[in-house]
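Coordinate inspection notes
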Amino acid sequence: MCDFCKIASHEINANIVYEDESIMAFLDYEPINEGHILIIPKEHLLDIDEISDKLLYSMLDLSKRIVSSLKKVYSPEGYTIMQNGGAFNDLGHYHLHVFPRYKDDGFGWTDSGMQHDCSMEAALKIKENL
């Protein structure tokens, strides 16, 4: 059983901010900023395309409510909602990050410097597979 499943079943303690029958949200143990929250499905799932639309909607709706709460509690300059999938999900259980942001918080995306195809041909390949 993974750590997030253990949190979902209350075998591991977490600072829970929300819980219902299918999802829960708790403070990240290694926060990017104070108020960094993880939202997880209680069912062990890895990737977004494994999750039902109903469950995804519940998680997204909760992220919206969490953002409203973070704005009241921390008065951030912004916020980030993100999720890593596949090999980049280092915990092996789907989780959505929600955290307050500040202009000088040091968080940022990195650019590989490589050229990537953003042509109409690339768009059509993706569109054909939707």
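Scope of this entry: the structure provided in the associated data block. Being a predicted model, the structure only gives us computed values, none of them experimental. (Residues numbered from 1 in each chain as written. Predicted model: local features only at pLDDT ≥ 70, side-chain atom pairs only at ≥ 80, totals over all residues. Heavy atoms only, no water.)

**With respect to the packing of aromatic side chains**
In the structure shown here, the tally under the stated rule is two aromatic pairs. Ring geometry for Phe 4 versus Phe 26: centroids 5.6 Å apart, planes at 75 degrees, classification edge-to-face. A residue pair is termed long-range when its members are at least 10 positions apart, and Phe 4 in helix 1 (residues 3-8) and Phe 26 in strand 2 (residues 23-27) qualify at 22 residues. Each member of the pair, Phe 4 as well as Phe 26, is classed as buried. Directly above the ring of Tyr 18 sits Arg 65, whose terminal nitrogen or CZ lies 5.1 Å from the centroid. (Phe/Tyr/Trp six-rings, centres within 6.5 Å; stacked < 30°, edge-to-face > 60°. Helix = DSSP H or I, 4+ residues; strand = E, 2+ residues; numbered from the N terminus. Buried < 20%, exposed > 50% of the residue type's maximum accessible area, 1.4 Å probe, protein only. Lys NZ or Arg CZ within 6 Å of the ring centre and 35° of its normal.)

**A look at the sheet that holds strand 2**
The antiparallel open sheet is built from five strands, whose spatial order is 1-2-3-5-4. Lying at the two open borders of the sheet, with one neighbouring strand each, are strand 1 (16-19) and strand 4 (78-82). Recorded for the sheet is a direction-independent mean angle of 15 degrees between the axes of neighbouring strands. Sheet analysis places strand 2 next to strand 3 (residues 37-41), joined by five bridges and oriented antiparallel. Across the sheet, residue Met 24 finds its bridge partner in strand 3, namely Ile 40. (Pairing = 2+ DSSP bridges. Axes fitted to C-alpha atoms, helices over the stretch in contact; angles between N-to-C directions.)

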